[in-house]
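The primary structure of each chain is shown beneath.
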Amino acid sequence: MKLWLDGGLRDTESARVSVFDHGLTVGDGIFETVKAVDGRPFALTRHLDRLTRSARGLGLPDPDLDEVRRACTAVLDANPMALGRLRITYTGGHGPLGSDRGEHGPTLIVAVGETARRPDSTAVITVPWTRNERGAVTGLKTTSYAENVVALAKAREQGASEALFGNTVGRLCEGTGSNVFVVLDGELHTPPLASGCLAGITRALVVEWTGAKETDLPLDVLESADEIFLTSTLRDVQAVGRVDERQLPGVPGPVTAKAMRVFDERAGDDLDP
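None of these values were measured; they are calculated from a predicted model.

Participant: Would you mind going over the packing of helix α2 (residues 44-58) against helix α5 (residues 201-210) with me for this structure?
Facilitator: Two measures define how a pair of helices packs: the angle their axes make with one another and the distance between the axes. Viewed as axis vectors pointing N to C, α2 and α5 meet at an angle of 125 degrees, and their least axial separation amounts to 10 Å. Between α2 and α5, the crossing angle belongs to the class labelled oblique. α5 is crossed by α2, and the crossing has right-handed handedness. Between α2 and α5, the contacting residues are R46, H47 and R50 on the first element and I201, A204, L205 and E208 on the second.

Structure representation (structure tokens):
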């Protein structure tokens, strides 16, 4: 396995990042996860646009997108696989042990791992912790993922693959690594970005391709929604069959099934929509 680290391909055994890298010591970094199909990345332009937005939001220099593209191509060419999880990580680089940044410049890592297509349906839980819709890094895809690690571990303990958060005012927000859609009276809805959720790439495509409405929703809408599904880079569109103790009948429902079909067709027609 080969990965890209600061300008070139490296073997995984020899690739090393400083123990003083700010991404390690204080979580000062951002990332993107990109689906790769037969060695080709999906929606890479959208992912790189978001990488730049996240860098600016965190106060990091803009990433060199030409280098990032070269790195993605090199890594995918060096590690052929049918379906891959391409991970782009961009950190504050070598720095002091405190929160102040150093002057060595950022670190860029691109790696890929093999993955499998997700099941068509899954179970989720809700968690008591909240997303802060007014935080300094709200809407940024940062490497500070400890909150998601804790919530996802709780989901795994309960036989679920995802945990869903409300925000500080009790509105539906997002999952640890996914966006959430609900069907109410035949209409498709998803929380607005103002809820504090990440501007998911798959979320945006589903909104564009299905006409889903961005709607401020209470967290307890999950108790009554006719259908629920998740979106993310590796889930695409995935139906939810259970929320906490509630079983949803007939999964996937008609609206979810149509969204799954539309996404598969449109994504198959254009790998960089």
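There is more to say after this.
Participant: Quick question: what am I supposed to make of the pattern of salt bridges here?
Facilitator: Counted according to the given criterion, the structure contains 13 salt bridges. A salt bridge links R56 to D62; its shortest N-O distance comes to 2.7 Å. By relative accessible area, D62 is classed as partly exposed at 40%. Through salt bridges with shared partners, one network takes in R117, R118 and D120.

Participant: What is the right way to look at unusual backbone geometry in this model?
Facilitator: In terms of backbone geometry, most residues other than glycine have negative phi values and most peptide bonds are trans. Residues V251 and P252 are joined by a peptide bond in cis, for which omega reads -5 degrees. With respect to the secondary-structure elements, P252 resides in the loop between β15 (246-247) and α6 (254-269). Within the chain, D6 stands out as a residue other than glycine whose phi angle is a positive 45 degrees. Assignment of secondary structure puts D6 in the loop between β1 (2-5) and β2 (8-11). We classify D6 as partly exposed; its relative accessible area is 43%. In this structure, D244 takes a positive phi of about 55 degrees despite not being glycine. When you line up the elements, D244 lands in the loop between β14 (236-243) and β15.

Participant: What should I look at first to understand the packing of aromatic side chains in this one?
Facilitator: Each aromatic ring pair is characterised by the separation of its centres together with the angle its planes make. Tallied over the full model, the rule gives four aromatic pairs. Summarising the aromatic geometry, the rings of F42 and F263 are spaced 6.1 Å apart at their centres and angled 70 degrees between planes, so their arrangement reads as edge-to-face. Of this pair, F42 sits in the loop between β4 (40-41) and α2 while F263 sits in helix α6, and the two are 221 residues apart along the sequence. Taking relative accessible area as the criterion, F42 reaches 6% and is therefore assigned buried. Look at W209 and F263: their rings are 5.5 Å apart centre to centre, the planes differ by 50 degrees, and that puts the pair in the tilted class. Of the two residues, W209 sits in helix α5 while F263 sits in helix α6, which places them 54 residues apart along the sequence. Per residue, the accessibility class of W209 equals that of F263, and both read buried.

Participant: Looking at this structure, how should I read the environment of P218?
Facilitator: Within the secondary structure layout, P218 lies in the loop between β12 (213-214) and β13 (227-232). The exposure class of P218 is partly exposed, given its relative accessible area of 29%. P218 sits 69 residues away from V149 along the chain, and the two C-alpha atoms are 24 Å apart. Those residues in contact with P218 that sit more than four places away from it in its chain are G170, R171 and L172.

Participant: Just to check I follow, could you spell out the sheet that holds strand β3 (residues 29-37) for this structure?
Facilitator: Read from one edge of the open sheet, six strands run β2-β1-β6-β5-β3-β4, paired in antiparallel fashion. Two strands in the sheet have a free side with no partner beyond their single neighbour: β2 and β4. Where β3 lies against strand β5 (residues 83-91), nine bridges are found, and the strand directions are antiparallel. Pairing of K35 across the sheet is with R85, part of β5. Strands β3, β4 and β5 of the sheet are contacted by α2, whose axis makes an angle of about 175 degrees with β3.

The rules behind each value
Residues numbered from 1 in each chain as written. Predicted model: local features only at pLDDT ≥ 70, side-chain atom pairs only at ≥ 80, totals over all residues. Heavy atoms only, no water. Axes fitted to C-alpha atoms, helices over the stretch in contact; angles between N-to-C directions. Helix = DSSP H or I, 4+ residues; strand = E, 2+ residues; numbered from the N terminus. Parallel < 35°, antiparallel > 145°, perpendicular 65-115°, else oblique. Left-handed = near helix turned anticlockwise from the far one by under 90°. Contact = heavy atoms within 4.5 Å. Salt bridge = Lys/Arg side-chain N within 4 Å of Asp/Glu carboxyl O. Buried < 20%, exposed > 50% of the residue type's maximum accessible area, 1.4 Å probe, protein only. Phe/Tyr/Trp six-rings, centres within 6.5 Å; stacked < 30°, edge-to-face > 60°. Pairing = 2+ DSSP bridges.

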